[in-house]
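Fold and contact review
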Amino acid sequence: VQIFESEYINDSKVDDFQLYSAALVVDVETGEIMGHYGGHGNSDLTRFSTGFPMASLVKPFVLLELLEQGYPINLELYDGPIAGKFTPQNNNHQYSYRHIGITEILQHSLNAPMVNIREITDPLPLYRSVENRFKSMSISEDPYLDLNDPSKQSEITLNYPLGSRNMTLFD
């Protein structure tokens, strides 16, 4: 691992973004896990089977589900705060204060427009649909996520599209 990291140190950074990777080595005949690499400084195996937050990996799934539900491919979401509603900052801590398309949202992994999905649809049924798609792909349920708990609806509306959903390396 150290040899890999030192040899590819210059390739692991693109502009201002640090790239990370993870790997799972499995014997395909027995299913035995031979080894893993969780990324620089990550060797915590205590949550290996319960998962880690998906983070921005969930964003394409949420946007794809919007498209599957009939929203147009040229869909645009507002990249900025909405009056009276908490809106998270983007990774670069800047908003564009304009409506932006899916490509730009995913390219920069923007948080604000993902949460602002709430302005065009009820997000909870949307997230339930994403979860149903995961289930159809045999992706395990997040044991900590309850999309039907009324006391957690505002928390889920804010955090799910930012990737609070847990996923295991097996998934």
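Here is a short report on the structure shown in this document. (Residues numbered from 1 in each chain as written. Predicted model: local features only at pLDDT ≥ 70, side-chain atom pairs only at ≥ 80, totals over all residues. Heavy atoms only, no water.)

1. Points about the nonpolar core
Filter applied, for reference: Residue types Ala, Val, Leu, Ile, Met, Phe, Trp, Tyr and Cys, when buried and joined through side-chain atoms within 4.5 Å, form a set referred to as a nonpolar core. Three exposure classes are used, based on accessible area relative to the maximum for each residue type with a 1.4 Å probe and protein chains only: buried under 20%, partly exposed in between, and exposed over 50%. Only DSSP runs of H or I reaching four residues or more are called helices, and only runs of E reaching two or more are called strands; each is numbered from the N terminus. Two residues form a contact once any of their heavy atoms are found within 4.5 Å.
Val-62, Leu-63, Ile-117, Tyr-127, Phe-134 and Tyr-160 are the most contacted members of the largest nonpolar core, which totals 23 residues. Going through the elements one at a time, α2 (58-68), α3 (102-107) and α5 (123-136) are the ones with two or more residues in this core. The element contributing the most residues to this core is α5, with five residues. Beyond its immediate chain neighbours, meaning those up to four positions away, Tyr-160 contacts Val-58, Val-62, Tyr-127, Val-130, Glu-131, Phe-134, Leu-145 and Arg-165.

2. Considerations on the side chain of Asn-90
Position of Asn-90 relative to the elements: it lies in the loop between β6 (76-79) and β7 (98-101). Excluding its chain neighbours within four sequence positions, the residues that come into contact with Asn-90 are Asp-79, Tyr-95, Leu-110, Asn-111, Ala-112 and Pro-113.

3. Observations concerning the packing of α2 against α5
Angle between the axes and distance between the axes are the two parameters that describe a pair of packed helices. Quick note on the threshold: Lines fitted to C-alpha atoms define the axes here, with helix axes fitted over just the stretch in contact, and angles between the N-to-C directions of these axes take values from 0 to 180 degrees. Between 65 and 115 degrees an angle is taken as roughly perpendicular, under 35 as roughly parallel, over 145 as roughly antiparallel, and anywhere else as oblique.
Taken N-terminus to C-terminus, the directions of α2 and α5 make an angle of 105 degrees; their axes are 9 Å apart at the nearest point. As judged from the angle between their axes, α2 and α5 are roughly perpendicular. Contacts between α2 and α5 involve Phe-61, Val-62, Glu-65, Leu-66 and Glu-68 on the former and, on the latter, Leu-126, Tyr-127, Ser-129, Val-130, Arg-133 and Phe-134.

4. A closer look at unusual backbone geometry
Phi at Ser-109 takes a positive value of approximately 50 degrees, unusual for a residue other than glycine. By the secondary structure assignment, Ser-109 is in the loop between α3 and α4 (111-115). If you check the backbone angles, Ser-138 has positive phi at about 65 degrees while not being a glycine. In this fold, Ser-138 is placed in the loop between α5 and α6 (153-159).

5. A few points about the environment of Ile-105
Looking at the element boundaries, Ile-105 is found in helix α3. By relative accessible area, which is 1% here, Ile-105 ends up buried. Taking C-alpha positions, Ile-105 is 9.6 Å from Leu-63, a pair spaced 42 residues apart along the chain. In contact with Ile-105, other than residues within four places in its own chain, are Leu-63, Leu-77, Ile-100, Leu-110, Pro-113 and Met-114.

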